[in-house]
Amino acid sequence: MRVGIGYDSHRLVAGRKLIVGGVVIPFERGLAGHSDGDVLCHSIIDSVIGALGLGDIGKFFPDTDPRWKDAVSVEMLKYIAELVRVNCYEVQWIDSVVVAERPKLAPYIASMKEALSMSTIPAAVINIKAKTEEGMGFVGRGEGIAAHSVCLLARIR
Ligand code: MG
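Residues numbered from 1 in each chain as written. Predicted model: local features only at pLDDT ≥ 70, side-chain atom pairs only at ≥ 80, totals over all residues. Heavy atoms only, no water.

Our next topic: the overall build of the protein. When you go through the protein residue by residue, the secondary structure sums to five helices and seven strands. From first element to last, N terminus to C terminus, the protein shows the α and β order β-β-β-β-α-α-α-β-α-β-α-β. For 157 residues, the compact-globule estimate of 2.2 N^0.38 gives 15 Å, and the C-alpha radius of gyration of the protein, at 15 Å, lies within 12% of that figure. With respect to the principal axes defined by its C-alpha atoms, the protein has extents near 45 × 30 × 25 Å. (Helix = DSSP H or I, 4+ residues; strand = E, 2+ residues; numbered from the N terminus. Rg over C-alpha atoms; globule rule 2.2 N^0.38 Å.)

The structure is reproduced here in structure tokens:
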């Protein structure tokens, strides 16, 4: 077994779609980033890469690489899910916390699990929790959204 931890945060800015966990969420601002800024997806990706012992997301998807400009992060997760298979592991569990003051994300959790399963990681092994920061810090002030994830991998052969 291998465990990995992932963390990410992105700034909320005007003129961008808000995409969290692969779901477009109606809101007046969206997450800045080289890709679609999907903070939840990125934290999951980093947890999986961590469990594989292969460094971090920046190594696989550098923000200087035009290939990943405005990339769909679920596609990035799909790429990493393939890396899991190539390394003879299987994703056993992912648990995530996405922290946003606004908008309320809890109503979108089922859709997020569905969207994330397009990466080939089954929705049945993904758990997502939506929290606020109770008004504290950059999340509390509505400056951005953060996400934390852990991943458990099992060796399959
Ligand atoms: Mg990111």
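There is more to say, and it comes next.
Our next topic: the pattern of salt bridges. For the structure on display, the rule yields seven salt bridges. Where glutamate 82 meets arginine 85, a salt bridge forms, and the shortest distance between an N and an O atom there is 3.1 Å. With a gap of three residues between them, glutamate 82 and arginine 85 both fall in helix α3 (residues 73-86), about one helical turn apart. Residue classification places glutamate 82 among the partly exposed positions, given a relative accessible area of 39%. (Salt bridge = Lys/Arg side-chain N within 4 Å of Asp/Glu carboxyl O. Buried < 20%, exposed > 50% of the residue type's maximum accessible area, 1.4 Å probe, protein only.)

Here, the word disulfide means a covalent bond between the sulfur atoms of two cysteines. Applying the stated criterion across every chain yields a total of zero disulfides. Of all cysteine sulfurs in the structure, the one in cysteine 151 sits closest to cysteine 88, which takes part in no disulfide; the separation is 16 Å. Exposure remark for cysteine 88: the relative accessible area of 15% places this residue in the buried category. Residue cysteine 151 stays outside any disulfide, its sulfur separated by 13 Å from that of cysteine 41, the closest cysteine. (Disulfide = S-S within 2.5 Å.)

This part is about the environment of alanine 100. Mapped onto the elements of the fold, alanine 100 is located in the loop between β5 (89-99) and α4 (109-116). With sequence-adjacent residues up to four places away left out, alanine 100 is seen in contact with Leu105, Lys131, Thr132, Val139 and Ile145. (Contact = heavy atoms within 4.5 Å.)

With that settled, consider the coordination of the magnesium ion. Within the protein, Asp8 (OD), His10 (NE2) and His42 (ND1) serve as the donor atoms for the magnesium ion, at 2.1 to 2.2 Å. The sequence motif formed by the donor residues of the magnesium ion is D-x1-H-x31-H. Grouping residues by exposure puts aspartate 8 and histidine 10 together as buried. (Donors = N, O, S within 2.8 Å, 3.2 Å for Na, K, Ca; no water.)

Summed over all chains, the structure comprises three aromatic pairs. On the basis of an interplanar angle of 90° and a centroid distance of 4.6 Å, the ring pair of phenylalanine 61 and tryptophan 68 is categorised as edge-to-face. Using a relative accessible area of 7% as the deciding quantity, one classes phenylalanine 61 as buried. Taking the centre distance of 6.1 Å and the plane angle of 75° together, the rings of tryptophan 68 and tyrosine 79 count as edge-to-face. Of this pair, tryptophan 68 sits in the loop between α2 (57-60) and α3 while tyrosine 79 sits in helix α3; the two residues are 11 residues apart in sequence, bridging distant segments of the chain. With relative accessibility at 41%, the residue tyrosine 79 sits in the partly exposed group. Put simply, the rings of Phe61, Trp68 and Tyr79 pair up and form one aromatic cluster. (Phe/Tyr/Trp six-rings, centres within 6.5 Å; stacked < 30°, edge-to-face > 60°.)

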